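Structure at a glance
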Amino acid sequence: MKQRVVTAVIALAILAGVVFLLPPVATEVALALVLLAAAWEWSGFLKSESVAVRLGYVLFIGAALALVATVLTGRVETVLLAALAWWLGAFAWTFFYPTPVPAVVRWLGGVFVIVPMYAALVALLAVSPRMLMFALLIVWVADSGAFFAGKRFGRIKLAPSISPGKTWEGVIGGLAAVLLLALAAAAVSGLDPVFFVPLCLAVACISIVGDLTVSMFKRDAGLKDSGFLFPGHGGVLDRIDSIAAAAPLFAIGLMWLGTR
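Now for a look at the structure at hand.

Parameters and conventions
Residues numbered from 1 in each chain as written. Predicted model: local features only at pLDDT ≥ 70, side-chain atom pairs only at ≥ 80, totals over all residues. Heavy atoms only, no water. Helix = DSSP H or I, 4+ residues; strand = E, 2+ residues; numbered from the N terminus. Buried < 20%, exposed > 50% of the residue type's maximum accessible area, 1.4 Å probe, protein only. Polar contact = N/O pair within 3.5 Å; in protein donor to acceptor, adjacent residues only side chain to side chain. Contact = heavy atoms within 4.5 Å. Axes fitted to C-alpha atoms, helices over the stretch in contact; angles between N-to-C directions. Parallel < 35°, antiparallel > 145°, perpendicular 65-115°, else oblique. Left-handed = near helix turned anticlockwise from the far one by under 90°. Nonpolar A, V, L, I, M, F, W, Y, C, P; charged D, E, K, R; others polar. Phe/Tyr/Trp six-rings, centres within 6.5 Å; stacked < 30°, edge-to-face > 60°. Lys NZ or Arg CZ within 6 Å of the ring centre and 35° of its normal. Patch = residues over 30% accessible without salt bridge, like charges linked within 9 Å, V, L, I, M, F, W, Y side chains within 5 Å. Areas by Shrake-Rupley, 256 points an atom, 1.4 Å probe, with all protein chains shown as cover. Salt bridge = Lys/Arg side-chain N within 4 Å of Asp/Glu carboxyl O. Core = buried A, V, L, I, M, F, W, Y, C linked by side-chain atoms within 4.5 Å.

So, on to the environment of Gly-62. By secondary structure assignment, the location of Gly-62 is in helix 3 (residues 51–69). On the basis of relative accessibility, which here comes to 22%, the residue Gly-62 falls in the partly exposed class. Between the C-alpha atoms of Gly-62 and Tyr-118, which are 56 residues apart in sequence, the distance is 11 Å.

With respect to the helices, strands and loops of the structure, Thr-94 is situated in helix 4 (residues 76–94). Among the polar contacts made by the side chain of Thr-94, one reaches the main-chain carbonyl oxygen of Phe-91 at a distance of 2.5 Å. Ignoring anything within four residues of it in the chain, the contact list for Thr-94 reads Ile-162, Leu-212 and Met-216.

Interhelical geometry of helix 6 (residues 129–153) versus helix 8 (residues 193–221) gives an angle of 60 degrees and a closest axis separation of 9 Å. If you check the angle between helix 6 and helix 8, you find them oblique. For the pair helix 6 and helix 8, the sense of crossing is right-handed. Here Phe-134, Ile-138, Val-139 and Ala-142 of helix 6 come into contact with helix 8, specifically with Phe-196, Cys-200, Val-203, Ala-204 and Ser-207. Class assignment of the residues belonging to the contact of helix 6 with helix 8 gives a composition of eight nonpolar, one polar and no charged.

Under the criterion given, the structure shown has twelve aromatic pairs. An aromatic cluster of three or more residues is present, and its members are Trp-42, Phe-45, Trp-93 and Phe-217. One Lys or Arg, Arg-54, reaches over the ring of Trp-40 and ends 4.0 Å from the middle of that ring.

Together, Leu-88, Phe-91, Phe-95 and Phe-96 line one region of the surface with nonpolar side chains, adding up to about 500 Å² of accessible area. As for its position among the elements, Phe-96 is in the loop between helix 4 and helix 5 (103–127). Of the residues examined, Phe-96 reaches a relative accessible area of 60% and is grouped as exposed.

Here Ala-16 lies in helix 1 (residues 2–21). Spatially, the C-alpha atoms of Ala-16 and Pro-116 are 21 Å apart, while their sequence positions differ by 100 residues. Setting aside residues no more than four positions away along its own chain, Ala-16 makes contact with Leu-21 and Met-133.

Bringing the nonpolar core into the picture now. Formed by 84 residues in total, the largest nonpolar core has its most connected members in Trp-42, Trp-87, Ile-138 and Phe-250. Per element, the largest residue contribution to this core is 14 residues, and it comes from helix 9 (residues 236–257). Those residues in contact with Ile-138 that lie beyond four places of it in its chain are Val-178, Leu-181, Cys-200, Val-203, Ala-204 and Phe-250.

The next subject is the pattern of salt bridges. All told, the structure shown has four salt bridges when counted by the stated rule. Across the salt bridge formed by Asp-220 and Lys-47, the nearest N and O atoms sit 3.3 Å from each other. One end of the pair, Asp-220, is in helix 8; the other, Lys-47, is in the loop between helix 2 (24–42) and helix 3, with 173 residues separating them in the sequence. According to the relative accessible area criterion, Asp-220 is buried, its value standing at 19%. For the salt bridge of Asp-238 with Lys-218, the shortest nitrogen-to-oxygen distance reads 2.5 Å. With Asp-238 in helix 9 and Lys-218 in helix 8, this pair connects stretches of sequence that are 20 residues apart. Relative accessible area serves as the criterion here: at 8%, Lys-218 is assigned to the buried category.

Set out below in structure tokens:
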């Protein structure tokens, strides 16, 4: 636990420095590089031992990120809606797992997980660096609340075939923590809590789907962690799986609320 906390604090400090101190273009490049590392880890789910295949997949994701950053800048909402459709399907999938993962799903899954996340993070950065960090804060608060509530009260398993450690008590604890966060943020920012608080709770809920979905791919590939970059935390994907689902919903929710 101590190693996990130290790693998380260091990662948070670096991220805050990137988001608040670098120019927006440099921040976008930094985010893209992190997601290319995630793409490399995702290529491990393809069940190919060929380095050329894995590098080719990373280049493919890189081209998609460049497309989002240039040609599709005016169609961000479409990209985010496509992501929400993917996550809705992934949510339904969790009820039927364990099931075989077809090769085409392994290949396209990385596209739907990584590319819209980049579009969402860039869109949130355009609103403000604080809003981008708040989106991540929702996920971290939900995860921390779930961890401690699950550890203390956890009895009923959430999805034992996918992630045996998660419990419904943990989910409730995470949502309770996010509720307090959202109420405080609405009061400080002046956003209408009638709409903002449900949005934050929905973001917390879908972040769980992101975590479970990547866990399904890891189990299918016979992996415990996606990588080993972060001591005590695993790889990049292990740290951003929840964000991959949460960021698109939060970004499009803010668009619908008129916060651009």
